[in-house]
Amino acid sequence: MLAGLLLAVLAAAPAAAHGDELKLTVAGDGADGVTIQAVYADGHRLDKLVRLTLTASGSEGRTVGPLQLEPAAEGQGFYTTGPILSPGSWKVRVTAPAPHVGVATAEVESRPAQTPSLAPVADTRDAPSAQADRSAGNGDAPGWWWTVAVGVAVLVVVALTAPLLGRRRNPS
């Protein structure tokens with residue numbers, strides 16, 4: 001019986017060792033959402049499911065929340081809201097309920113989500129300057145130097161094989 005009681009106390013000790021306080025780090029996600037990292041106050045990673053609540057207030061009386069946040073798939077103790085803020089400055093407050101209490105506030109600058117811009121690629125195949133470069137052998141078309149290189153290679157092969165072909169075999 002004493003061994004069972006001791007085992008129960010030791011099993012509960014790691015959870016109690018962290019305490020009940022959480023450290024919450026709140027930041028913007030670079031666009032129109034918020035990210036939150038939750039760890040125990042002693043710095044250890046969060047090992048329990050904690051439902052965080054977010055509220056936000058912006059200029060011109062804009063408000064968001066309260067929203068209950070679910071843990072994100074990115075990692076243990078990581079939370080993200082997705083797109084919830086309109087562009088502008090926001091004061092974001094995140095709270096953790098009992099028994100693991102924590103509160104954090106942050107100023108977040110929300111921006112419209114960026115999409116990669118595909119700049120048009122200039123087609124220079126028919127441009128007059130590109131046509132002049134090609135005719136002069138300076139463009140991306142094979143230039144005159146290819147012709148010279150092939151001619152030199154042919155001359156080297158002929159020069160090396162001509163003496164061999166000109167010799168007669170001596171009958172033995």
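Residues numbered from 1 in each chain as written. Predicted model: local features only at pLDDT ≥ 70, side-chain atom pairs only at ≥ 80, totals over all residues. Heavy atoms only, no water.

Draft legend 1. Broad picture of the sheet that holds strand S1 (residues 22–28). The three strands are arranged S1-S2-S5 in an open sheet whose pairing can be described as antiparallel. The open sheet has two free edges, formed respectively by S1 and strand S5 (78–80), since each of these has just one partner strand. Here the strands of the sheet are splayed against their neighbours by 20° on average, with no regard to which way each runs. Where strand S2 (residues 34–40) lies against S5, three bridges are found, and the strand directions are antiparallel. (Pairing = 2+ DSSP bridges. Helix = DSSP H or I, 4+ residues; strand = E, 2+ residues; numbered from the N terminus. Axes fitted to C-alpha atoms, helices over the stretch in contact; angles between N-to-C directions.)

Draft legend 2. Broad picture of the sheet that holds strand S4 (residues 63–69). Across the sheet, four strands lie side by side as S4-S3-S6-S7; this open sheet has antiparallel pairing. Strands with a single pairing partner mark the edges of an open sheet, and in this sheet they are S4 and strand S7 (102–110). Neighbouring strand axes in the sheet, compared pairwise and without regard to direction, differ in orientation by 20° on average. As paired elements, strand S6 (residues 88–96) and S7 share nine bridges and run antiparallel to each other. Looking at S7, one finds that Val94 is bridged to Ala104.

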